[in-house]
Amino acid sequence: MRLNLLPGAHCQDAVRTLNTLQTNANYLEMVKRKRGDPQTQLEAMKLYLVRSGLQVEDLDQLNIIHITGTKGKGSTCAFTERILRSYGLKTGFFSSPHLVQVRERIRINGQPISSELFTKHFWRLYHRLEETKDDSSCVSMPGYFRFLTLMAFHVFLQEKVDLAVLEVGIGGAYDCTNIIRKPVVCGITSLGIDHTGLLGDTMEKIAWQKGGIFKSGVPAFTVLQPDEPLAVLRDRAQQISCPLYLCPPLQALEEGGPPLTLGLEGEHQRSNAALALQVARCWLQQKGYQDAGELKASRPSLPGQLPLAPVFQPTPRMQQGLRHTEWPGRTQLLRRGPLTWYLDGAHTTSSMQACVRWFRQALHRCERPDSGSEVRVLLFNSTGDRDSAALLKLLQPCQFDYAIFCPNLAEMASTDNADQQNFTVTLDQVLLRCLAHQQHWSRLHEEQVSPDPWSTPGQEQDGPASLLLAPHPPHTHSASSLVFSCISHALQWITQGRDPLFQPPSPPRGLLAHPVADSGAMVLQEAAAIHVLVTGSLHLVGGVLKLLEPSLSQ
């Protein structure tokens, strides 16, 4: 096919054109009210695939690992990809959302595809779909996520990867990644309540959606789940003759050997790593690899329960993969001068609980300054149909001195920042949401919640489970909160010019024209240590990383 690239048709042009496939905010509301049969949506994805020049059968060549879940599916994919890359395999990895650049969603050997490769494949696919569209059809081009899914399939086939790790977008049964027929193995991470408007408002309904990725005869693994959703997964698997196994805890794989070191922080990552090891080992076995870990004594399954996945000794290459896994924006620490940034895109109640545990443990471990004050700052946003009041309540025991709320906009003027554009919401909507967050936070302080839900009576203060913070005397400004119109303005106020790498132009006039902002600026300028937790939204974390780590935008 002849490909005409106009002068200047570089990566940002491609991203801007991709953004036109985002659903307009007003239209999105209409679609939610008139949502059609989800199975029809999946069939439409298959038609887009054919129009793009591929058949569903072509995807069998990709040796796919398909992962879904509510919490930790991205981290599990990252562990899995890194383990298999340690075996010298050429890996493809499709994930969402991106943090800084859309190219992050499609990776080869752990690295986002280059601007040149992205641009080439984008325009090739875009023109192909343009040429084959039917003007009589009401939808002639796929939406944003569908387009990127199609593009990932094309990139992985063209680049001849040995395997592709696919992270489900939302749900499973009707997610557009689920047009694949024969993955090599599937995995389901920890389940929770999220995307209730699409997936249902109970764990059982959500489990039914997630179990939709099961395929007949294709091995699947899950971590320990509450009884009711686990039963739904078991029934889903039995109905289509999918062998489903329950992963033993990571501790069982460590017995008789050294403890495993994980490249991602947080106790909750151990569950993700245990699933990744089983999925990677199964893939290696299915593909005839001998070095897939020596079996230990197997543990019997209880009657009526899922069979347990094998307990095995992780190989040196598996251990290396776990140790070297990187997944930015999840339990990530950045130490910069007096500032320590704690970045975690937790956005459900269960993932926020894990985030708070990690944050409090990290605070407990960090060295206290010899003199001077310590300040704790929360930078928060939450989007979609998520219960932000519940998330903020979980964060309250962290004893923040300031709570800062802003939209997921890196900067007010985003014309040169196509990767961060979002047309599915309006500016008025996101600012009103931030003001609502601030009101929730103020109400929580007014209620004077007495018991700390994170401590359990009778625990020793030095015990690992207590997660008690180091002594933090309350300040008169302990309930202070501010709303900023973009992430850049929020960071300018938090850093006060003290982050050695974040040195933006002078703040706009009026940015500090507020009593709290003015008094807080003095506190931040004099503090010996500033601890900033950024959480509530992966998009917020991405915007912060874009500004703090300019190299990620190159």
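Values in this document were obtained by computation on a predicted structure and should not be read as measured data.

Each value, and the rule that gives it
Residues numbered from 1 in each chain as written. Predicted model: local features only at pLDDT ≥ 70, side-chain atom pairs only at ≥ 80, totals over all residues. Heavy atoms only, no water. Helix = DSSP H or I, 4+ residues; strand = E, 2+ residues; numbered from the N terminus. Buried < 20%, exposed > 50% of the residue type's maximum accessible area, 1.4 Å probe, protein only. Areas by Shrake-Rupley, 256 points an atom, 1.4 Å probe, with all protein chains shown as cover. Axes fitted to C-alpha atoms, helices over the stretch in contact; angles between N-to-C directions. Left-handed = near helix turned anticlockwise from the far one by under 90°. Contact = heavy atoms within 4.5 Å. Nonpolar A, V, L, I, M, F, W, Y, C, P; charged D, E, K, R; others polar. Phe/Tyr/Trp six-rings, centres within 6.5 Å; stacked < 30°, edge-to-face > 60°. Lys NZ or Arg CZ within 6 Å of the ring centre and 35° of its normal. Pairing = 2+ DSSP bridges. Core = buried A, V, L, I, M, F, W, Y, C linked by side-chain atoms within 4.5 Å. Salt bridge = Lys/Arg side-chain N within 4 Å of Asp/Glu carboxyl O. Expected span 1.5 Å × (residues − 1). Arc of directions from axis to C-beta. Polar contact = N/O pair within 3.5 Å; in protein donor to acceptor, adjacent residues only side chain to side chain.

1. Quick look at the overall build of the protein chain
Reasoning step 1: Assigned secondary structure in the protein chain consists of 18 helices and 16 strands.
Reasoning step 2: A total of 554 residues make up the protein chain; the buried ones form 54% of that total.
Reasoning step 3: By element, 51% of the accessible surface of the protein chain is carried by carbon and sulfur atoms, the whole surface being about 24,400 Å².

2. Here's the deal with the packing of helix H16 (residues 487–495) against helix H18 (residues 538–548)
Reasoning step 1: Running from N to C, H16 and H18 point in directions that differ by 65°, and their axes come no closer than 10 Å. Seen along the crossing, H16 lies across H18 with a hand that is right-handed. Between H16 and H18, the residues in contact are Ile487, Ser488 and Leu491 and Leu540, Gly543, Val544, Leu547 and Leu548, respectively.
Reasoning step 2: Residues of the contact of H16 with H18, tallied by class, amount to 6 nonpolar, 2 polar and no charged.

3. Here we look at the packing of aromatic side chains
Reasoning step 1: Overall, the coordinates contain 18 aromatic pairs when judged by the stated rule.
Reasoning step 2: Grouping aromatic residues by their ring pairs yields a cluster made of Phe118, Phe122, Trp123, Tyr126 and Phe147.
Reasoning step 3: The ring of Trp208 has Arg236 sitting right over it, with the charged end atom 3.7 Å from the ring centre.
Reasoning step 4: Its guanidinium or amino end placed over the ring of Phe312, Arg281 lies 4.7 Å from that ring's centre, counting from NZ or CZ.

4. Some points on the sheet that holds strand E14 (residues 402–405)
Reasoning step 1: Strand order in the open sheet formed by 6 strands is E11-E12-E16-E13-E14-E15, with mixed pairing between adjacent strands. Every other strand in the sheet has two partners, leaving strand E11 (332–336) and strand E15 (480–483) as the edge strands with one partner each. Neighbour-to-neighbour, the strand axes of the sheet open up by a mean angle of 20°, direction not taken into account.
Reasoning step 2: When strand E12 (residues 339–343) meets strand E16 (residues 529–535), the two strands line up parallel, connected through 5 bridges.

5. Some points on the pairing of strand E2 (residues 91–94)
In the case of a regular strand, side chains alternate between the two sheet surfaces.
Reasoning step 1: Burial along E2 is two-sided: Thr91 and Phe93 facing one way and Gly92 and Phe94 facing the other are all buried.
Reasoning step 2: In this sheet, strand E5 (residues 163–167) lies alongside E2 in parallel orientation, the contact comprising 4 bridges. The residue of E5 that forms the bridge with Phe94 is Leu166.
Reasoning step 3: Relative to strand E3 (residues 106–108), E2 runs antiparallel, the two sharing 3 bridges. The residue bridging Gly92 from the neighbouring strand is Ile108, located in E3.

6. Notes on unusual backbone geometry
Reasoning step 1: A cis amide bond links Ser96 with the next residue in sequence, Pro97, at an omega value of -5°.
Reasoning step 2: The phi dihedral of Lys160 falls on the positive side, at around 55°, and the residue is not glycine.
Reasoning step 3: Summarising the element assignment, Lys160 is placed in the loop between helix H6 (144–158) and E5.
Reasoning step 4: Residue classification places Lys160 among the exposed positions, given a relative accessible area of 66%.
Reasoning step 5: In this structure, Ser241 takes a positive phi of about 60° despite not being glycine.
Reasoning step 6: Looking at the secondary structure, you find Ser241 in the loop between helix H9 (227–239) and strand E8 (244–246).

7. Overview of the nonpolar core
Soluble globular proteins tend to pack their nonpolar side chains together in the buried interior.
Reasoning step 1: In this structure, Phe118 and Phe156 are the most contacted members of the largest nonpolar core, which totals 44 residues.
Reasoning step 2: When residues of this core are traced back to their parent elements, those giving at least two are helix H1 (11–19), helix H3 (38–51), E3, helix H5 (115–132), H6 and E5.
Reasoning step 3: It is H6 that provides the largest number of residues to this core, a total of 10 residues.
Reasoning step 4: Excluding anything up to four places from it in sequence, Phe156 contacts Leu62, Gly92, Phe93, Phe94, Ile106, Arg107, Ile108, Val161, Ala164 and Leu166.
Reasoning step 5: If you look at the next biggest cluster of nonpolar residues, it comprises 40 residues, including Ile65, Ala78, Leu89 and Val185.

8. Here we look at H1
Reasoning step 1: The buried fraction of H1 is high, at 7 of 9 residues.
Reasoning step 2: Among the residues of H1, those classed as buried are Cys11, Gln12, Ala14, Val15, Thr17, Leu18 and Asn19.
Reasoning step 3: Its buried side turned inward, H1 meets H5 and H6.

9. A few points about the sheet that holds E2
Reasoning step 1: Taking strand neighbours across the sheet as the criterion, the 8 strands line up as E4-E3-E2-E5-E1-E6-E7-E8 in an open arrangement whose pairing is mixed. Looking at which strands have only one partner, the edges of the open sheet turn out to be strand E4 (111–112) and E8.
Reasoning step 2: Of the strand pairs in this sheet, strand E1 (residues 64–68) and strand E6 (residues 185–188) are connected by 4 bridges, and their pairing is parallel. Residue pairing in the sheet places Ile67 in a bridge with Gly187 of E6.
Reasoning step 3: The sheet strands contacting H9 are E6, strand E7 (220–222) and E8, and the helix crosses E8 at an angle near 150°.

10. Description of the pattern of salt bridges
Reasoning step 1: Overall, the coordinates contain 13 salt bridges when judged by the stated rule.
Reasoning step 2: Between Arg270 and Glu254 there is a salt bridge whose closest N-O contact spans 2.7 Å. Note that Arg270 is positioned in helix H11 (residues 269–286) and Glu254 in helix H10 (residues 250–254), a separation of 16 residues in sequence.
Reasoning step 3: Looking at Arg270, the relative accessible area reads 23%, which means it is partly exposed.

11. Comments concerning helix H15 (residues 427–447)
Reasoning step 1: Between its first and last C-alpha, H15 extends 31 Å over 21 residues, near the 30 Å set by a 1.5 Å rise per residue.
Reasoning step 2: Buried residues of H15: Val430, Cys434, His437, Gln438, Trp441, Leu444 and His445, and no others. The buried residues of H15 occupy an angular sector of 120° when projected down its axis, which confines them to one face. For H15, the exposed residues lying more than 90 degrees away from the buried face are Asp428, Leu432, Glu446 and Glu447.
Reasoning step 3: Where H15 is buried, its residues touch strand E13 (374–380), helix H14 (388–395), E14 and E15.

12. Quick look at the side chain of Asp401
Reasoning step 1: Among the secondary structure elements, Asp401 is positioned in the loop between H14 and E14.
Reasoning step 2: A distance of 2.8 Å separates the side chain of Asp401 from the backbone nitrogen of Arg376, its partner in a polar contact.

13. Describing the environment of Ser442
Reasoning step 1: With respect to the helices and strands, Ser442 occurs in helix H15.
Reasoning step 2: For the pair Ser442 and Ser480, spaced 38 residues apart in the sequence, the C-alpha separation amounts to 8.3 Å.

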